[in-house]
Amino acid sequence: MGFGTRLKVTLFGSSHGPEVGVVVDGFPAGVPVREGDIQADLDRRSPVGRRTATKRQEPDRLVLESGVSGGLSTGGAIRAHVANEDVDRSVYERLRWTPRPGHADYPARERYGDSADLSGGGIFSGRMTVGLVIAGALARGVLEPRGIEAVAFTRSIGTIQFDPDLDTPIPSLRENSEQNEIGCPDPATAVQMEAAIGAARREGDSLGGVIECRVSGVPVGLGEPFFDSVESEIAHLAFSIPAVKGVEFGDGFAAASRRGSQHNDPFYWDGDRVRTRTNHSGGILGGLTTGDPVVFRVAVKPTSSIARPQETVDLRTRTRAEIVVGGRHDPCIVPRAVVVVESIARLAIADLGLRGGFR
Ligand SMILES: Cc1cc2nc3c(=O)[nH]c(=O)nc-3n(C[C@H](O)[C@H](O)[C@H](O)COP(=O)(O)O)c2cc1C
C-alpha cells in the first residue's frame, strides 16, 4: 500500500473501517501546511452536495495527527486521516457470495478468502483515494513556491467531449472547471455532461470518461531513467486510482498514426530559453521533463455497480446467479476523480523533483 522514493506515501484504512488516511514519509521540514487548503481539496472529492454523485454523506473532515507543528512540516512522518462517517454494511453482506461484475469482489475474495472485508469495496474502494488527495495537497507546498502548478479537468463523459487549447492558461482552466460539479472548463459542455450522467442514472446505468491533467512550471530534466521515467511514475500512480484503465501522455495513442514530421516538437530560442513550437510529447522526452507543460490523460471506466440485473455466480452453490447491486454508488466516477488525478500528478512531480532536478 506504499509508493514513492523520496516522498513515500502509505495508504491505510478501508471503505467501511473506522477511517481512511495516509502516512507521508520523507516530507521536507519547514514547508507550510495549511489545513484549510488540504480540506478544500478533500471537499472537491467529496460527494456531499453533488447532484451527480453517490448519496453517501461523506463530509471527510481532515484530522492531521503528526508531522506538522505551528503550520510547518517538522521533517517527521506526516499522518492524516478522515473518519468513515456513513457506513452501511447490509448491502455488502447480501453480495458476499455473488461478486459484482466489474468490481474487485471476485479476485479479492479468491486472494484473501473469508477474511477479506469487502464492505463498500474494502481496500479497493474509491475512498482510499482520500489519502492520495491529502498527500497531493501536501505536495503543493513543495511545488508552488517553485512555480509548479497542476490542474486536472473533465475532458469527456461518455461521448461528450471538450478539448481546451493547449495554451489555455492554467488559472483559467482551474477557475472555469471549478464553476460546475462536473469539473469541465466549458459551462455549456458541463451542462450536457451532467444531463448524460442523470440519464444514465435514471436508466440504472453508469458512464465513464477522460480526465486530462496539465502541469506547468516543471523544470527541465526531472525524471529518473530508465525505470522511473516521468511517464512511469505518473502512470504507476494513475493506475493505482480505482477505475482508471488507460493513461496517455501528449498525443498518446494518436501519435502512432502520425509521421515524425507531424509529431516532433521543433525547438527555438525564446531569449535565453529553449522552447518548443508545439507540445505533442506532453512535456516528456527520454523520460525527462522538457520544461513544457506535462500533459496526460486518464481513461476512467463506467462505474461497475449499476442498478440493473446482471449475470454473476454464487460462490457457495457453484450455480449461476443474478444480482441487482444495491447501495449508493456514483453513476459516474469522473467528476470526483478529477482532484485525485491532479493530486497524483503533484505527488509524482514532487517525488521526482526531490530525488533530483529541483535546484
Ligand atoms: C472517487 C472514486 C469513487 C468511486 N465510486 C465507486 C462507486 O460508487 N461504485 C463502484 O462500483 N465503484 C466506484 N469506484 C471504482 C471502484 O473502486 C473500482 O472500479 C473497483 O475497485 C475495481 O477496480 P478497477 O476498476 O480499477 O479494476 C470509485 C472510484 C473512485 C476513484
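What counts and how
Residues numbered from 1 in each chain as written. Predicted model: local features only at pLDDT ≥ 70, side-chain atom pairs only at ≥ 80, totals over all residues. Heavy atoms only, no water. Near = heavy atom within 4 Å. Polar contact = N/O pair within 3.5 Å; in protein donor to acceptor, adjacent residues only side chain to side chain. Areas by Shrake-Rupley, 256 points an atom, 1.4 Å probe, with all protein chains shown as cover. Nonpolar A, V, L, I, M, F, W, Y, C, P; charged D, E, K, R; others polar. Pairing = 2+ DSSP bridges. Helix = DSSP H or I, 4+ residues; strand = E, 2+ residues; numbered from the N terminus. Contact = heavy atoms within 4.5 Å. Axes fitted to C-alpha atoms, helices over the stretch in contact; angles between N-to-C directions. Buried < 20%, exposed > 50% of the residue type's maximum accessible area, 1.4 Å probe, protein only. Parallel < 35°, antiparallel > 145°, perpendicular 65-115°, else oblique. Phe/Tyr/Trp six-rings, centres within 6.5 Å; stacked < 30°, edge-to-face > 60°. Lys NZ or Arg CZ within 6 Å of the ring centre and 35° of its normal.

Undergrad: Explain the site of the ligand here, please?
TA: Lining the immediate environment of the ligand, one finds 17 residues, of which Phe 124, Lys 245, Lys 301, Ser 305 and His 329 sit closest. Between the ligand and the protein, one listed contact pairs an oxygen atom with a side-chain N or O atom of Lys 301 at 2.8 Å. A distance of 3.4 Å is found between an oxygen atom of the ligand and a side-chain nitrogen or oxygen belonging to Ser 304. Compared with its free state, where it exposes 630 Å², the ligand has 88% of that area covered by protein. Among the residues forming the shell around the ligand, the class breakdown is 6 nonpolar, 7 polar and 4 charged.

Undergrad: Honestly, the sheet that holds strand β8 (residues 149-157) in this entry has me stumped. Any pointers?
TA: For sheets, the rule is that strands pair by backbone hydrogen bonds, running either parallel or antiparallel. On the basis of which strands lie adjacent, the open sheet formed by 5 strands has the order β9-β8-β10-β16-β11 and antiparallel pairing. Sheet topology places β9 (160-161) and β11 (244-249) at the edges, where each strand pairs with a single neighbour. Across 2 bridges, β8 lies against β9 in antiparallel orientation. By the bridge assignment for β9, Ile 157 is matched with Ile 160. The strands that helix α9 (residues 334-355) touches are β8, β10 (209-216) and β16 (294-300); relative to β8, the one it contacts most, it runs at about 145 degrees.

Undergrad: Please explain the side chain of Arg 45 as it appears in this structure.
TA: With respect to the element layout, Arg 45 can be found in helix α1 (residues 35-45). Arg 45 sits in the buried class, given a relative accessible area of 3%. Reaching out from Arg 45, the side chain makes a polar contact with the side chain of Asp 60 at a distance of 3.4 Å. A polar contact is formed between the side chain of Arg 45 and the side chain of Thr 129, at a distance of 3.0 Å.

Undergrad: I keep staring at the packing of α1 against α9 and nothing clicks. Help me out?
TA: Two quantities define a packed helix pair, namely the angle between the helix axes and the distance between the axes. Axis separation between α1 and α9 bottoms out at 6 Å; the angle between their running directions is 135 degrees. Overall, the two elements α1 and α9 adopt an arrangement that is oblique. Here α1 contributes Asp 41, Arg 44 and Arg 45 to the contact with α9, which in turn contributes Arg 336, Val 338, Val 339, Val 340, Glu 342 and Arg 346. The class makeup of the residues in the contact of α1 with α9 is 3 nonpolar, no polar and 6 charged.

Undergrad: I tried to follow the pairing of strand β2 (residues 8-13) on my own but got confused; where do I start?
TA: Along a regular strand, successive side chains alternate from one face of the sheet to the other. Of the pairings in the sheet, the one linking strand β1 (residues 2-3) to β2 comprises 2 bridges and is antiparallel in character. Each residue of the ladder has a partner; that of Gly 2, found in β2, is Thr 10. The turn joining β1 and β2, which pair antiparallel and follow one another in sequence, is formed by 4 residues; a positive phi near 115 degrees is taken by Gly 4. Taken together, the 6 bridges between β2 and strand β3 (residues 19-25) define a ladder with antiparallel strand orientation. Directly across from Gly 13, in β3, lies its bridge partner Val 20. Two successive antiparallel strands, β2 and β3, enclose a turn made up of 5 residues.

Undergrad: Explain the packing of aromatic side chains here, please?
TA: The relation between two aromatic rings is expressed through the spacing of the ring centres and the mutual angle of the planes. Using the criterion set out here, one finds 2 aromatic pairs in the structure. Pairing Phe 226 with Phe 227 gives two aromatic rings, centres 5.5 Å apart and planes at 70 degrees, and the pair type is edge-to-face. For the pair shown, Phe 226 and Phe 227 are each scored as exposed. Between Phe 249 and Phe 296, the aromatic rings sit 6.0 Å apart at their centres with planes inclined by 35 degrees, giving tilted as the arrangement. Of the two residues, Phe 249 sits in strand β11 while Phe 296 sits in strand β16, which places them 47 residues apart along the sequence. Here the two residues Phe 249 and Phe 296 agree in accessibility, since each one is buried. In this structure, Arg 79 packs its charged tip against the face of Phe 12, placed 4.2 Å from the ring centre. In this arrangement the basic side chain of Arg 109 is found over the ring face of Trp 97, its NZ or CZ atom lying 4.3 Å from the centre.

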